[in-house]
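Structural features, examined
One letter stands for each residue in the lines below.
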Amino acid sequence: MQFAWKHCSSAAIRVALVCVLPGGALAAQGQESAALSPRNASYDIKVRLDPVEKTLTGTEIITWRNVQPVPASELQFHLYWNAWKNNQSTWLRETLLRPSRELKLLPDKYAYCDVKSLVLLSESQKVAGTFQGADLTAQMKFISPDDGNPDDSTVMSVALPTPVAPGETIRIGVIWESKIPRTISRTGFRGNFFFIAHWFPKLGVFQSDGTWNCHQFHTHTEFFSDYGVYDVQITAPTGWLVGATGISFGMTKNADGTSTHRFVQEDVHDFAWTTSPDYREARRRFEHPGLRAVEMRLLYQPEHEGQAERHFRATAAALRYYGTWFGGYPYGHITVIDPAYGSGAGGMEYPTLFTCGTRLWNPFGGGSPEGVTVHEAGHQFWFGIVANNEFEHAWLDEGFNTFSESRASKTEYGPAAYVRRFFRGFVPVMVSEIRADMLVDLGLNGYRNAARSDTQDKTSFLYYPDTAFNVTYAKTGLWLETLERTLGWETLQKTMSTHFARWKFKHPKPEDFFAIANEVSGRDLTAFFDEVHRKAAVFDYAIDTAVSGEVEILGYVQRDGKYVLLREADVAPSPNERRMPLYETRVVVRRLQDGVLPVEVLLKFQNGDELRDTWDGKDTWKLYRTVKSAKLDYAAVDPEHKLALDINYTNNTRRLERASRLPATKWASKWMIWLQDLLQTLLFLA
Ligand SMILES: [Zn+2]
């Protein structure tokens, strides 16, 4: 795409274009495929990186079709990098709400996205490859729809001269310049490593009520966009490897020591890229019966060469398990980025490309970098293909992905071993005997501290920033785990794959998933979702009393019309007496918190007999009393640990001997260290 602007008058801008329209590039190469998505927001972008000044200069043509039944009288754009323009932005103000965060950034962390010109291009005025358009630059204004912060400039509104009718397509030309931050929120530079994400002026999502869904950039929530075709030309220094969303359409060397790399991708809702002279490259092919083959491209740091195969295996595990459980990966290629150490760009998902992150020494079996790689590869499914609004319902993709990642990782690798690091983290020591379930053990620890914070059905960007992570990720993962243990994997898998099939390349809302869960399970799960999603309830069931003793009547009884006092000596059997004793067992089960879900209660007797009951948990306690020829062995509430949200499982079982509760306490101190360490890993994921 050749693209230059010539100002002809103050009112109009003449644009000289030899423009490759969206989809044209693939058609030219015979690779155009049937549209998987609505493709109503497509971007042709040319961008030049200045690695010395740390700037981007870009031009883009956006082709936007109004897919709603109402006209659009304005456009709204995200300018995400303005979140770091200065310390008055909403993003930085929210970041300050987290403990020990300072409002001041290092000077090279400040950045901006400056739109120089915005033109509504009119194809009807096309003359020999030249487009004229209406200059709307003067119509641009910043708005703050979420918090009214007049100093935030992450959303830009542009009034249109005439409304865009339903079904009508318009094209918008934009010229902008950006200052690249030293990596913040996973985008920016570190030395000569560049990871460029959420970097171009990008439309919000126009809705059926005639409004735009275009939220300001918030510190703990992510993104939301419509699908389209991206055709992007990236100019960077010659010799630097470039990784990007999409398929490479070749590279041309320029006379000024730069090269222009072209990448095209259909049916995605975002585009990210990276470049560095230090990258090394490796490729493998993923194949699995019933799934589309996928070319895997890994750009890695030279010092991590020995871990290349581990990155491929983890990526393949995600493609395989998510693909067979939920639905196939449709793109045929994926790019895996091992970012520069300490860059802060790791652990983030973009369509057909993601960043993981490792370190020099990472013993296999310790869960890193496998966990983050499976997680971010898994986002191709929950985020990339099923694209919910991450500003409003972040749990729909992050929570689904936390659960799916946990399940895929356990299936591929088993539970991760405890790794303790020494010498500022450089030297790891792995204790293979201590293994943890990343979700049920470690996720629970995080959730426990956030359980009271926010109801999950609240708009995600309004969650309290310090606890948003656990309400979004861990809580959803735990209630999906609870659903699996309650309904069975077959039912949950069918629920999630139905959700995937119906909502791929669309924007599902929470109610859509709840309806599918009811439909597939054949149950009304409303009460379950009320408890786990619409309330900030805490779940803790416990066995409070478990006693069992020989039946004996002491005290007064009436015999022959008289009161007779029976003492222990009176009812004890004589040494020669043989009789079959009867035992009375009393078990009290309690609900210690406000979370109400049905639980099973098990009384196990010393002769092997079992007594099982399902308690609805609605009252605060329930007494189980029974008389049998055997003593109680132990009592348990939720004996199979189906309720993964139970914040304290150590009180769920009690043996007859009160002193010996089942879980051993001697592990407690080791567990705490271990949990803290692995929680750091969890926090690394996004
Ligand atoms: Zn994530």
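As shown above, the structure is provided for reference.
An account of the accompanying structure is given in this report. (Residues numbered from 1 in each chain as written. Predicted model: local features only at pLDDT ≥ 70, side-chain atom pairs only at ≥ 80, totals over all residues. Heavy atoms only, no water.)

1. Focus: the side chain of Ser 460
Quick reminder of the rule: Secondary structure elements are defined from DSSP: runs of H or I of at least 4 residues count as helices, runs of E of at least 2 residues count as strands, and each element is numbered from the N terminus. Definition of a polar contact: a pair of N or O atoms within 3.5 Å, with one able to donate and the other able to accept a hydrogen when the atoms are protein atoms, and with sequence-neighbouring residues admitted only if both atoms are side-chain atoms. Contacts were defined at the residue level, with two residues in contact if any of their heavy atoms lie within 4.5 Å.
By the element assignment, Ser 460 lies in the loop between α6 (438–450) and α7 (468–487). In terms of polar contacts, Ser 460 uses its side chain to reach the backbone carbonyl oxygen of Glu 392, at 2.9 Å. The contact partners of Ser 460, leaving out residues within four places of it in the chain, are His 220, Thr 221, Glu 390, Phe 391, Glu 392, His 393, Ala 394 and Trp 395.

2. Description of the nonpolar core
To keep it simple, the criterion reads: Nine residue types can take part in a nonpolar core, namely buried Ala, Val, Leu, Ile, Met, Phe, Trp, Tyr and Cys, and a core is a set of them joined through side-chain atoms within 4.5 Å. To sort residues, take the accessible area from a 1.4 Å probe on protein chains only and compare it with the maximum for the residue type: under 20% means buried, over 50% means exposed, and anything in between is partly exposed.
Residues Trp 64, Ile 172, Trp 199, Phe 271, Trp 273, Trp 479 and Phe 529 are the most contacted members of the largest nonpolar core, which totals 161 residues. With 10 residues, the single largest contributor to this core is helix α3 (residues 308–325).

3. Some remarks on the sheet that holds strand β12 (residues 193–196)
Note the threshold: Between any two strands, at least two bridges found by DSSP are needed for them to pair. In this analysis, axes come from line fits to C-alpha atoms, helices being fitted only over the stretch in contact, and the angle between any two N-to-C directions falls in the range 0 to 180 degrees.
Spatial strand order, β11-β12-β20-β17: four strands in an open sheet with antiparallel pairing. Edge strands, defined here as strands with exactly one partner in the open sheet, are β11 (188–190) and β17 (241–244). Ignoring which end each strand starts from, the neighbouring axes of this sheet average 10° apart. Taken together, the three bridges between β11 and β12 define a ladder with antiparallel strand orientation. By the bridge assignment, Gly 188 is partnered in β12 with Phe 195.

4. Observations concerning the pairing of strand β4 (residues 55–65)
Burial runs high along β4: eight of the 11 residues are buried. Linkage of strand β3 (residues 41–50) to β4, two consecutive antiparallel strands, is achieved through a turn of four residues, within which Lys 54 is found at a positive phi near 60°. Sheet topology note: the β4/strand β10 (residues 169–179) ladder contains 11 bridges and is antiparallel. For Thr 57, the partnering residue across the bridge sits in β10 and is Glu 177.

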